[in-house]
Structures are given as structure tokens and as C-alpha cells.
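Residues per chain, in single letters:
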Amino acid sequence: DQLLLTTEPLCSSPFAHLYLTPRVYHLPVFEKSFCEELMEEMEHFEQSSTPKGRPNTMNHYGILLNELGFDEGFITPLREQYLQPITSLLYPDCGGRCLDSHKAFVVKYDMNEDLDLSYHYDNAEVTLNVSLGKDFTEGNLYFGDMRQVSVSETECSEVEHRVTEGLLHRGQHMHGALPISSGQRWNLIIWMRASQERNKLCPMCNRKPSLEEGEGFADGFTNHSKEPLHTSCVLT
Ligand SMILES: O=C(O)CCC(=O)C(=O)O
Ligand SMILES: [Fe+2]
């Protein structure tokens, strides 16, 4: 009930009011107080002695939400009940109708830690990026083109991202985060996966995936030979 569950205006309009740059949309996700509580929880976890993995290969600071047990009661319902109705309409061509797993993490930027994030694409069909706070200056996100387009032919555009809001974009839409110039910047990232899409072509190595069993949702591939099993691509 912390979520703002109003998808109606999205369904009855061509999303014009949500549009930022080609196929990047912003939408309300959390209340401010919830963002603050979430960051506080992340700080407690950071300070604890629990062994922790890195959120991804690019960010050095942040937290994997499955390590806090946040998938079942939080991220999965958020994906299924709030996001999927929207992604079905916005990204039917990128698996937006059949998202069936995710990797969720919080990334943190600080003056003495990571300042920015270089230009990349995500291991996701569709990504949600929510700005949680705290107080920071600069550090805007920027978007270029799809990964198939060379950088020399790409013009990037910076987008505004307000605290509590989420940005939705295609995983293969190249993007990065500019350096912050003060404060701390925390974002919740949900890399949403559609096994139907990625089983055909691994979005990271661009080949037919060669699968190995993984833990939890792993990288969101599935193997239907016996029980459906979540797997990773060993070629990536
Ligand atoms: O820091 C950000 O807002 C971007 C993070 C991001 O693009 C990612 O983790 O894939
Ligand atoms: Fe990303």
C-alpha cells in the first residue's frame, strides 16, 4: 500500500505525459517516506557483517535485494501488479508482456566511492530505475541509442529524474549516469527479464544461450526440459 497504484491515466492516454526521450518514461513509484525507510534499511544491511555480493559488474557500492529476502513480498508483486500492466503496453516488442523474473539491487554513489556509471546496456529486457535520494547534485542519467547503433552515430540526451519517481527503459537502450558533484545518490534498479525473449537470444552475448543452473532467478533464462529451471548463460 506504499505504492501508488493508479495505472488508469496510463491506459487511457498515449503516454504522452510520461514520455522523456524515445521509449523512456517516468512514473510515480514510491512515497518519499518509503524511499527514506528503504535507504535506512540498506545502511543497516551495509553495516552488518552479513556476507554481501556486488550489485553488478559495474557498480562497486550497493546491495542485492534478494540478499535481504525482498523478492517475494516486495519486488515480485511490484513487478507483477504495478509494472507489468504498464510494460505490456509500452514494450510489447521487448518482452514487456511476459516478464517472469528480475534482478533487483540498490546502487549507491558517494563523493568517496563511485561517482558515476559508464555507458552500458543492461542484462534485462526492461529496466525500472527509481531515484530514492538522498540529497545530491548533478548525476543525471543519459540515454543514447540501442546497443546495435555505434557511439559515433549516437546523440545522447540527459533526462531529469526526481526522487520517488521511476524511469522505465528497454534494457538494450544504452545509458549511463553522470558524476555527482556532492552528496549521496541512491537508486533502486530492477532488471526485469522475459525468459521467452532471452531463451532465443542472450541479450549480453547476443548468441543462443548456453545454459547452466543458477540460484534463485539466476539470469532469468529457463530450461523446460524437466522442471522449469532458472539458469544463466555461460557464454556471457
Ligand atoms: O545509477 C543509475 O541510475 C543507473 C544504474 C544502471 O543503469 C544500472 O545499474 O544498470
Ligand atoms: Fe543500467
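Just so it is clear, the structure is predicted and the values come from calculations on it, not from any experiment.

Participant: Kindly report on the environment of E41, identifying the contributing residues and their values.
Facilitator: Here E41 shows up in helix α2 (residues 32-47). We classify E41 as partly exposed; its relative accessible area is 38%. Considered as a pair, E41 and G69 are 28 residues apart in the sequence and their alpha carbons are 12 Å apart. For E41, the residues in contact, after removing those within four places along its chain, are L68 and F70.

Participant: Just give me the short version of the nonpolar core, but keep the residues and values in it.
Facilitator: The biggest cluster of nonpolar side chains holds 37 residues, and the ones touching the most others in it are F30, L65, L128, L132, L168 and I190. Breaking this core down by element, the ones donating at least two residues are β2 (24-28), α2, α3 (71-90), β4 (101-110), β6 (126-133) and β12 (180-193). At 7 residues, the largest contribution of residues to this core is made by α3.

Participant: Let's hear about the UniProt feature "domain: Fe2OG dioxygenase" (unreviewed entry) in the protein: which residues, and what values?
Facilitator: Within this structure's numbering, the places UniProt gives as "domain: Fe2OG dioxygenase" (unreviewed entry) are residues 100-194. Helix makes up 0% of residues 100-194 and strand 62%, and the two end C-alpha atoms of the span are 5 Å apart.

Participant: Please give an account of the site of ligand 1 that cites residues and values.
Facilitator: Taken together, 16 residues form the shell around ligand 1, and within it Y109, D122, N129, H175 and R185 come nearest. One of the side-chain N or O atoms of R185 is found 2.7 Å from an oxygen atom in ligand 1. Note that an oxygen atom of ligand 1 is positioned 3.4 Å from one of the side-chain N or O atoms of N187. Contact with the protein chains covers 99% of the free accessible surface of ligand 1, which is 300 Å². Put simply, ligand 1 lies in the largest cavity. Looking at the shell around ligand 1, the elements that each hand over two or more residues are β4, β5 (117-120), β11 (173-177) and β12. If one sorts the elements of the shell around ligand 1 by residue count, β12 sits on top with 4 residues. Taken together, the residues of the shell around ligand 1 break down into 8 nonpolar, 6 polar and 2 charged.

Participant: Could you give an account of the environment of P51, naming the residues involved and the relevant values?
Facilitator: With respect to the element layout, P51 can be found in the loop between α2 and β3 (62-64). A relative accessible area of 71% means that P51 is categorised as exposed.

Participant: Can you explain α3? Please cite residues and give values.
Facilitator: Helical geometry note: an α-helix holds 3.6 residues per turn, so side chains three or four residues apart project in the same direction. In this model, α3 (20 residues) spans only 24 Å end to end at C-alpha, well below the 28 Å of a helix rising 1.5 Å per residue. Largest kink in α3: about 55°, centred on L83, with the proline P85 one to four residues after it. Turning to α3, its buried residues number three or more, namely D71, F74, I75, T76, L78, R79, Y82, L83, Q84, I86, T87 and L90.

Participant: Can you tell me about the coordination of the iron ion (ligand 2), naming the residues and giving the values?
Facilitator: Protein coordination at the iron ion (ligand 2): the donors are H120 (NE2), D122 (OD) and H175 (NE2), at 2.1 Å from the metal. For the iron ion (ligand 2), the donor residues sit on a single chain with the sequence spacing H-x1-D-x52-H.

Participant: Please set out the domain arrangement of the protein residue by residue, giving values where relevant.
Facilitator: Segmentation of the protein into domains returns domain 1 (8-195) and domain 2 (199-236). Placing a centre on the C-alpha atoms of domain 1 and another on those of domain 2 gives a separation of 22 Å. Roughly 1,000 Å² of surface becomes buried between domain 1 and domain 2 when both sides are summed, with 48% attributable to carbon and sulfur atoms. Between R193 and D219 there is a salt bridge, with its nearest N and O atoms 3.8 Å apart. In this structure, the connection of domain 1 to domain 2 is made through 6 residue pairs in polar contact (both at pLDDT 80 or more). Mapped by element, the contributors of at least two residues to the side of domain 1 that touches domain 2 are α3 and β4. Per-element tally for the side of domain 1 that touches domain 2: the top contributor is α3, with 3 residues. Each residue belonging to the side of domain 1 that touches domain 2 can be placed in one class, and the counts come to 1 nonpolar, 6 polar and 7 charged.

Participant: With reference to specific residues and values, describe the sheet that holds β11.
Facilitator: The strand order β5-β11-β8-β9 describes an open sheet built from 4 strands, whose pairing is antiparallel. Here the strands that pair on one side only, and so sit at the sheet edges, are β5 and β9 (157-159). Between one strand and the next, the sheet's axes are offset by a mean angle of 25°, whatever the strand orientation. By the bridge criterion, 2 bridges tie β5 to β11 in an arrangement that is antiparallel. Bridging from a neighbouring strand, H120 pairs with H175 of β11.

Conventions we followed
Residues numbered from 1 in each chain as written. Chains lettered and ligands numbered in written order. Predicted model: local features only at pLDDT ≥ 70, side-chain atom pairs only at ≥ 80, totals over all residues. Heavy atoms only, no water. Helix = DSSP H or I, 4+ residues; strand = E, 2+ residues; numbered from the N terminus. Buried < 20%, exposed > 50% of the residue type's maximum accessible area, 1.4 Å probe, protein only. Contact = heavy atoms within 4.5 Å. Core = buried A, V, L, I, M, F, W, Y, C linked by side-chain atoms within 4.5 Å. UniProt positions renumbered as here; feature names shortened; annotations may be inferred. Near = heavy atom within 4 Å. Polar contact = N/O pair within 3.5 Å; in protein donor to acceptor, adjacent residues only side chain to side chain. Areas by Shrake-Rupley, 256 points an atom, 1.4 Å probe, with all protein chains shown as cover. 1 Å grid on protein atoms, 1.4 Å probe; cavity = no way out; pocket = protein on both sides within 12 Å on 5 of 7 lines; lining within 4 Å. Sits in = over half its atoms within 2 Å of the grid points. Nonpolar A, V, L, I, M, F, W, Y, C, P; charged D, E, K, R; others polar. Expected span 1.5 Å × (residues − 1). Bend = angle between axes of the 7 residues up to and from the residue. Donors = N, O, S within 2.8 Å, 3.2 Å for Na, K, Ca; no water. Domains from an automatic or database assignment. Buried area = accessible area lost by both parts, 1.4 Å probe. Salt bridge = Lys/Arg side-chain N within 4 Å of Asp/Glu carboxyl O. Pairing = 2+ DSSP bridges. Axes fitted to C-alpha atoms, helices over the stretch in contact; angles between N-to-C directions.

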